[in-house]
Structure formats: structure tokens, C-alpha cells
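# Chain and residue survey
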Amino acid sequence: MEGNSTSQVKSIYVFYGTNLGKNAKFVKATNNLGRVQAKRKIHLVHREGSLRLMGCVSIAAHIGGSQVLGIIPTAIAEGNFARKTIGEELKVPTIQDRIWKILDNYDAFIALPGGIGTLEENFQIASWAQLNIP
């Protein structure tokens, strides 16, 4: 390896479901993730809203001083499915547009427990990153 390469993660996209799950450890771990991101001055990028697990990580990161960006499709925002996003909210026309915006705004990603939508987005982002799709 030539030179002294330092690649610092400045923003992390976090995938997670809206449910808290059946185990309180999920809530504790998600809160801790938000606190650690804030402590390390890593910005949070996430899907949207402040419900359940989404709220745990975004509130903890925001309170700790991290910039928080929620990327939300207009239909979800207008349908009031997600509640108010903590931090900055970026509305996009479609879920596919959300994926493109996510790719523009993260350096790494973390997948937490979630449902089918979380799993689908996780595989899409991972495969696009592997293929170097912008």
C-alpha cells in the first residue's frame, strides 16, 4: 500500500424498521448507535421519521450534536406514516429517488433489524455499492 491513506467516515446511512421489536436490547443498542455516531462526529442519514427504532437512533444522534438527514418519499410524508423527521428532512418524489439521494449522502451503512422494506433497501444499496453505481 503506497502512501498514508486515511479514509474517515463522515456520514452513515442506517437501515432499520419502524417496530421496536420484542427485545428491549434493540432499543438500547439503537440509542447507543446514535450516541456513538454523535460522539465521533459522524452524521446520520436515514429513511425518515421519528417513530420507534427510527426515532431512537435519530433522536440520540441529534441530541448528541450530529447532523441528521431523513430522506422521505413525498407519499410517505403526506400520508403521515412516519411522523416528523428529527433534523433535516429531504422530500423526494419516489422510493427509488430516495435510494439515489441516499447514495449521494453516505460513506458507509449499517443495517439494523427491520422488515421486508429494510431488507430490500439493504440489498439494493449493497449491490449498487459493489457495482459502483453512483
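Quick summary incoming for the structure in this document.

Rules and cut-offs
- Residues numbered from 1 in each chain as written.
- Predicted model: local features only at pLDDT ≥ 70, side-chain atom pairs only at ≥ 80, totals over all residues.
- Heavy atoms only, no water.
- Core = buried A, V, L, I, M, F, W, Y, C linked by side-chain atoms within 4.5 Å.
- Buried < 20%, exposed > 50% of the residue type's maximum accessible area, 1.4 Å probe, protein only.
- Helix = DSSP H or I, 4+ residues; strand = E, 2+ residues; numbered from the N terminus.
- Contact = heavy atoms within 4.5 Å.
- Phe/Tyr/Trp six-rings, centres within 6.5 Å; stacked < 30°, edge-to-face > 60°.
- Expected span 1.5 Å × (residues − 1).
- Axes fitted to C-alpha atoms, helices over the stretch in contact; angles between N-to-C directions.
- Parallel < 35°, antiparallel > 145°, perpendicular 65-115°, else oblique.
- Left-handed = near helix turned anticlockwise from the far one by under 90°.
- Nonpolar A, V, L, I, M, F, W, Y, C, P; charged D, E, K, R; others polar.

Glancing now at the nonpolar core. For soluble globular proteins, the rule of thumb is that nonpolar side chains tend to be buried together. In terms of nonpolar packing, the biggest core is built from 12 residues, these being Y13, F15, V45, L69, I71, V92, I99, I102, L103, Y106, I125 and W128. Elements supplying a minimum of two residues to this core: β1 (11–15), β3 (68–73), α4 (95–104) and α5 (116–130). Among the elements that line this core, the one with the most residues is α4, at 3 residues. Ignoring sequence-local partners within four residues, the contact set of Y13 consists of V45, H46, R47, I102, Y106, A108, F109, I110 and E121. Ranked by size, the runner-up nonpolar core spans 11 residues in total, among them L33, I42, V57 and V68.

One pass over the full model with this rule turns up 4 aromatic pairs. Considering the side-chain rings of Y13 and F15, the 4.6 Å spacing of their centres and the 85° angle between planes classify their relative orientation as edge-to-face. With a relative accessible area of 0%, F15 lands in the buried category. Between W100 and W128 the ring centres are 4.8 Å apart and the planes differ by 40°, which places this aromatic pair in the tilted class. Of this pair, W100 sits in helix α4 while W128 is found in helix α5, placing the two residues 28 residues apart along the sequence.

Relative to the helices and strands, H46 is located in strand β2 (residues 43–46). For H46, a relative accessible area of 0% translates into the label buried. With residues up to four places along the chain from it excluded, the contact list for H46 reads Y13, V14, Y16, S58, V68, L69, G70, I71, T85 and I86.

Every α-helix carries 3.6 residues per turn, so stepping three or four residues along brings you back to the same face. Look at helix α2 (residues 52–63): 16 Å from first C-alpha to last across 12 residues, which is about the 16 Å you get at 1.5 Å a residue. The elements touched by buried residues of α2 are α1 (24–39), β2 and β3. The first or second residue beyond α2 is G65, which carries a positive phi of 105°.

Before going further, it helps to examine the packing of α4 against α5. At a closest axis distance of 11 Å, the pairing of α4 and α5 adopts a crossing angle of 50°. In terms of orientation, α4 and α5 fall into the oblique class. Remark: the crossing between α4 and α5 carries right-handed chirality. Contacts between α4 and α5 pair I95, Q96, R98, I99, W100, I102 and L103 from the former with E121, Q124, I125 and W128 from the latter. For the contact of α4 with α5, the per-class residue count stands at 7 nonpolar, 2 polar and 2 charged.

Right, let's get into the environment of G87. Relative to the assigned elements, G87 resides in the loop between α3 (74–78) and β4 (88–92). Look at G87 and you get partly exposed, because its relative accessible area is 36%. Placed 28 residues apart in sequence, G87 and I59 show a C-alpha to C-alpha distance of 8.6 Å. Ignoring any residue separated from it by four or fewer positions in sequence, one finds G87 in contact with H62 and V68.

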